[in-house]
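Here's the letter readout for the chains.
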Amino acid sequence: MFTVRVIPIARGVFSDYLTFFSRTPIEIGSVVSISIRKRQSYGIVVEAKDVREEKMDIRSADFSLKKLGKTEPKRVFTAPFIAAAKEAALWHGIRESAVLSSLAPKTILTSITQLEAAPRTESLIGVKPDSLVLQTERGERVRTYRNVARESFARGESILIITPTIIEAETLTDELKRGIESSVIVLTSELPKKKLVASWNRIATDKTPLLIIGTGIARAAPRAKIGPIIIERASARAYRGI
């Protein structure tokens, strides 16, 4: 038996976490059905442990654990994304629910039943990424991004580019997609719901390398093998809101 720590989603907004129990292990980042005050809802799994690890806590708790709902769990977010959200919450001294509410696209949270399962990913614990600051004119940056994309595709890796605004995401897409149109996906909050869900599902299931360009919501993209992550105009004021 396992204890499962869940952050409920209420109308697309996360609230404080609750703890349930499950007879089977549940993967981090999965969406599960839960009952809150006799009402059915969904929640994101951020932690799952064998009950033998938490015997003392369970015995001393002043409440009884409820069982998860019968709906089959579905991986919506990758485990590294959830781990990053938890680390960000610890760094900023805020609740994990607040971080996830900021990072997770609201349209995706209200489209759970339409989503494909996110891919399983390897743990990134102990991985130390290399950082590079590119201070050049925009034209030179675009040429560099194009070269990085080609190199990443050759290695079988996808590439993620985050932009501070929707207009910049669209402009950069037009500049980089030449010759690789079928491998470019845009993720912004301005996309119609149907198109956003379709793009999200393709990111989760497509086996070929992709160039993903988007605003802050693209950080939650359910992709297993992302190589370079580029933050365009990292000093832009627009990033302060995300």
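Everything below is about the structure printed above this text.
Procedures and definitions
Residues numbered from 1 in each chain as written. Predicted model: local features only at pLDDT ≥ 70, side-chain atom pairs only at ≥ 80, totals over all residues. Heavy atoms only, no water. Core = buried A, V, L, I, M, F, W, Y, C linked by side-chain atoms within 4.5 Å. Buried < 20%, exposed > 50% of the residue type's maximum accessible area, 1.4 Å probe, protein only. Helix = DSSP H or I, 4+ residues; strand = E, 2+ residues; numbered from the N terminus. Contact = heavy atoms within 4.5 Å. Lys, Arg positive; Asp, Glu negative; His and termini not counted. Salt bridge = Lys/Arg side-chain N within 4 Å of Asp/Glu carboxyl O. Polar contact = N/O pair within 3.5 Å; in protein donor to acceptor, adjacent residues only side chain to side chain. Pairing = 2+ DSSP bridges. Axes fitted to C-alpha atoms, helices over the stretch in contact; angles between N-to-C directions. Phe/Tyr/Trp six-rings, centres within 6.5 Å; stacked < 30°, edge-to-face > 60°. Parallel < 35°, antiparallel > 145°, perpendicular 65-115°, else oblique. Left-handed = near helix turned anticlockwise from the far one by under 90°. Nonpolar A, V, L, I, M, F, W, Y, C, P; charged D, E, K, R; others polar.

A. Fine view of the nonpolar core. Core analysis: the biggest nonpolar cluster contains 36 residues, and Phe77 and Leu187 have the highest contact counts within it. Of all the secondary structure elements, the ones that give two or more residues to this core are strand 1 (2-10), strand 5 (39-50), helix 2 (79-92), helix 3 (96-103), helix 4 (106-109), strand 8 (158-162), strand 9 (184-187) and helix 7 (193-205). Non-local contacts of Leu187, meaning those with residues more than four positions away in its chain, are made with Leu196, Ser199, Trp200, Ile203, Ile212, Ile213, Gly214, Thr215, Ile217, Ala218 and Ala221. Core analysis: the next-biggest nonpolar cluster, separate from the first, contains 12 residues, Ala149, Ile159, Val184 and Ile213 among them.

B. Region of the structure containing the side chain of Arg223. Among the secondary structure elements, Arg223 is positioned in the loop between strand 10 (211-214) and strand 11 (226-231). Although Arg223 is buried, it forms no salt bridge, and the closest oppositely charged side chain is Asp206 at an N-O distance of 5.1 Å. A distance of 3.0 Å separates the side chain of Arg223 from the side chain of Ser158, its partner in a polar contact. Here Ile203 takes part through its backbone oxygen, which lies 2.8 Å from a polar atom of the side chain of Arg223.

C. Spatial organisation of the sheet that holds strand 10. Spatially, 4 strands are ordered 9-10-8-11 in an open sheet, and the strand pairing comes out parallel. With one partner strand each, in any of the chains shown, strand 9 and strand 11 form the two edges of the open sheet. Averaged over all pairs of adjacent strands, the angle between strand axes in this sheet comes to 15 degrees, irrespective of strand direction. With 4 bridges joining them, strand 8 and strand 10 adopt parallel strand pairing. Each residue of the ladder has a partner; that of Ile162, found in strand 10, is Gly214. The sheet strands contacting helix 6 (residues 166-176) are strand 8, strand 9 and strand 10, and the helix crosses strand 10 at an angle near 155 degrees. Contacting strand 9 and strand 10, helix 7 runs over the sheet at an angle of about 130 degrees to strand 9.

D. Quick look at the packing of aromatic side chains. Within this structure, the stated rule accounts for 2 aromatic pairs. Ring plane angle 85 degrees and centroid distance 6.0 Å describe the contact between Phe77 and Trp200, whose orientation is recorded as edge-to-face. You can see Phe77 sitting in the loop between strand 7 (74-75) and helix 2 and its partner Trp200 sitting in helix 7, a full 123 residues away along the chain. Both residues of the pair, Phe77 and Trp200, belong to the buried class. Grouped by ring-pair contacts, the aromatic residues Phe77, Phe81 and Trp200 constitute a single cluster.

E. Local environment of unusual backbone geometry. Even without being a glycine, Arg233 presents a positive backbone phi close to 50 degrees. Relative to the assigned elements, Arg233 resides in the segment after strand 11.

F. Quick look at the packing of helix 5 (residues 138-154) against helix 6. Contact pair helix 5 / helix 6: the axes reach a minimum separation of 10 Å and the direction vectors enclose 60 degrees. As judged from the angle between their axes, helix 5 and helix 6 are oblique. The two elements helix 5 and helix 6 meet at a crossing, and its hand is right-handed. Contacts from Arg138, Val142, Tyr145 and Arg146 of helix 5 reach helix 6 at Thr171, Leu172, Glu175 and Leu176. Of the residues belonging to the contact of helix 5 with helix 6, the class tally is 4 nonpolar, 1 polar and 3 charged.

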